[in-house]
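Understanding the architecture of this molecule
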Amino acid sequence: MIEEQLQKLQENYYDDRPDKSEWFMEVKERAKSLHRNNVEHYAPNKAALALFMLSQGARISEISQRTSLSRDVIRSLEWRHTDTLETKRKEFSMRYAIAAQEYTDLLFERATQLFDDPDSLAKISPEKLAITVGILTDKAAQLTGMATTVVEHRKGASLDDAANLINEARSRIAKGKVIEAEVV
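Residues numbered from 1 in each chain as written. Predicted model: local features only at pLDDT ≥ 70, side-chain atom pairs only at ≥ 80, totals over all residues. Heavy atoms only, no water.

For the structure shown, the criterion picks out two salt bridges. Salt-bridge contacts for E40 lead to R80; the nearest nitrogen and oxygen are separated by 2.9 Å. Of this pair, E40 sits in helix 3 (residues 39–42) while R80 sits in helix 6 (residues 71–80), and the two are 40 residues apart along the sequence. Taking relative accessible area as the criterion, E40 reaches 0% and is therefore assigned buried. (Salt bridge = Lys/Arg side-chain N within 4 Å of Asp/Glu carboxyl O. Helix = DSSP H or I, 4+ residues; strand = E, 2+ residues; numbered from the N terminus. Buried < 20%, exposed > 50% of the residue type's maximum accessible area, 1.4 Å probe, protein only.)

This paragraph deals with the packing of helix 4 (residues 44–55) against helix 7 (residues 82–116). Axis separation between helix 4 and helix 7 bottoms out at 9 Å; the angle between their running directions is 50°. As judged from the angle between their axes, helix 4 and helix 7 are oblique. Both helix 4 and helix 7 take part in a crossing whose hand is right-handed. Judged by residue contacts, L51, F52, L54 and S55 of helix 4 engage L85, K88, R89 and F92 from helix 7. (Axes fitted to C-alpha atoms, helices over the stretch in contact; angles between N-to-C directions. Parallel < 35°, antiparallel > 145°, perpendicular 65-115°, else oblique. Left-handed = near helix turned anticlockwise from the far one by under 90°. Contact = heavy atoms within 4.5 Å.)

Taking 1.5 Å per residue, 17 residues should reach 24 Å; helix 10 (residues 159–175) reaches 24 Å between its end C-alpha atoms and fits that length. G176 occupies a position one or two residues after helix 10 and carries a positive phi of about 80°. (Expected span 1.5 Å × (residues − 1).)

This brings us to a nonpolar patch on the surface. Together, L107, F108 and L136 make up a nonpolar patch on the protein surface, roughly 260 Å² of accessible area in all. By the element assignment, L107 lies in helix 7. Owing to a relative accessible area of 36%, L107 belongs among the partly exposed residues under this scheme. (Patch = residues over 30% accessible without salt bridge, like charges linked within 9 Å, V, L, I, M, F, W, Y side chains within 5 Å. Areas by Shrake-Rupley, 256 points an atom, 1.4 Å probe, with all protein chains shown as cover.)

The subject of this paragraph is the packing of helix 4 against helix 5 (residues 60–67). Two elements in contact, helix 4 and helix 5, have axes whose closest approach is 10 Å; the angle formed by their N-to-C orientations is 155°. As far as their axial angle goes, helix 5 and helix 4 are roughly antiparallel. Pair helix 4 / helix 5 crosses with right-handed handedness. Here K46, L49, A50, M53 and L54 of helix 4 lie close against helix 5, whose contacting residues are E62, I63, R66 and T67. Residues that form the contact of helix 4 with helix 5 fall into these classes: five nonpolar, one polar and three charged. (Nonpolar A, V, L, I, M, F, W, Y, C, P; charged D, E, K, R; others polar.)

In the predicted model, the chain carries a mean pLDDT of 78, and 86% of its residues have values of at least 70. Looking across the chain, the model is least confident in helix 1 (residues 2–12), with a mean pLDDT of 52, and most confident in helix 5, with 91. In the model, residues 12–16 has pLDDT below 50 throughout and makes 11 contacts with residues more than four positions away in sequence or in other chains. (pLDDT = per-residue confidence, 0-100.)

Okay, here's the thing in structure tokens:
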């Protein structure tokens, strides 16, 4: 009996990296408070992999293909583990922020090299430079708390008002209340 369970566990297990084994422990712990027909009981390793992939931002279709879990099972798993997913997503976002900082340093280093080598600078298309400037400007605005999007609210006639005016004009024409005008 125990050997069968161990064999099943090994068949379902995808990866033994520490970040995924944390998910496995989370699934096993949460399973204690859930009904026996939940995926955390009958396929804890698949559930752990699905949660890991959800935390990384993977698409549900991709997770379903990799784990052979249905979309509904993955969504319910996501719902039951929302608190853990949010915590892990914050951890991952911090890692990505650190990586972004490193790559930003490399970008500035590369920009300095380009200033010293006009031939290499000439090979870069203006579109790529413009896109880089736009992204950096947007990120700088975000980091300083400036608005990156402006939403304008205009006062005036709405589409409904315009439709009403057209309908009124049509009814006046139909009733013969039209003023004859001549273009001179």
